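Summary of the model geometry
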Amino acid sequence: MKTTLTQPLYSLPYSLHDGYLKKLEADEETLICHFPDGIFSTTAPYEQTAGTKVIFTGVDWDSSFLYVFDGLKNTGAFSGKKWDLKAFLPYLERLEVIDETYGYWQAKWKGLLTKGEEMVECMVEVCYSGEMVYEIEK
């Protein structure tokens, strides 16, 4: 029997948990995610940054999606809509990131999306072959 022990791919310098994504911009191969209230450092003293952009380069738009669920449920049947991520850009009001996962050229964020007066669950999948860059205002 062969046993292989793995470690996380990398340790991120910032966490998007409890960060508020308020604007998305895109061009042919770049996605810019605006967190105007900042995000959080993952090392002591664990401070909140100033306004931050998370930038993905080499985005594969044919494999990048946003799933919007019809409500808030912990378990059971669900329904919703799957969007091409680029098509959803103008509809974003506010997305609170609850969880983030990275691996094999993908970023997946789960969170709460504000739709008018309503809050619903959502998931964002970004497929990219370039870099993920944190650009923080000073």
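Residues numbered from 1 in each chain as written. Predicted model: local features only at pLDDT ≥ 70, side-chain atom pairs only at ≥ 80, totals over all residues. Heavy atoms only, no water.

As for the side chain of serine 64
Here serine 64 shows up in the loop between strand S6 (52-57) and strand S7 (65-69). On the basis of relative accessibility, which here comes to 0%, the residue serine 64 falls in the buried class. In this structure the side chain of serine 64 is engaged in a polar contact, spanning 2.9 Å, whose partner is the backbone oxygen of aspartate 60. Engagement of the side chain of serine 64 in a polar contact is seen with the backbone nitrogen of cysteine 127, the distance being 3.0 Å. (Helix = DSSP H or I, 4+ residues; strand = E, 2+ residues; numbered from the N terminus. Buried < 20%, exposed > 50% of the residue type's maximum accessible area, 1.4 Å probe, protein only. Polar contact = N/O pair within 3.5 Å; in protein donor to acceptor, adjacent residues only side chain to side chain.)

A closer look at the sheet that holds S6
Strand pairing in a sheet takes place through backbone hydrogen bonds and is either antiparallel or parallel in direction. Judged by pairing direction, the sheet is antiparallel, and its 4 strands sit side by side in the order S3-S4-S6-S12 without closing on themselves. The outermost strands of the open sheet, each flanked by one partner alone, are strand S3 (23-26) and strand S12 (132-136). Taken over all neighbouring pairs, the strand axes of this sheet differ in orientation by 20° on average, direction set aside. Examined bridge by bridge, S6 and S12 share 5 bridges and lie antiparallel to one another. The residue bridging isoleucine 55 from the neighbouring strand is valine 133, located in S12. (Pairing = 2+ DSSP bridges. Axes fitted to C-alpha atoms, helices over the stretch in contact; angles between N-to-C directions.)

By themselves, these observations are geometric and do not establish any function.
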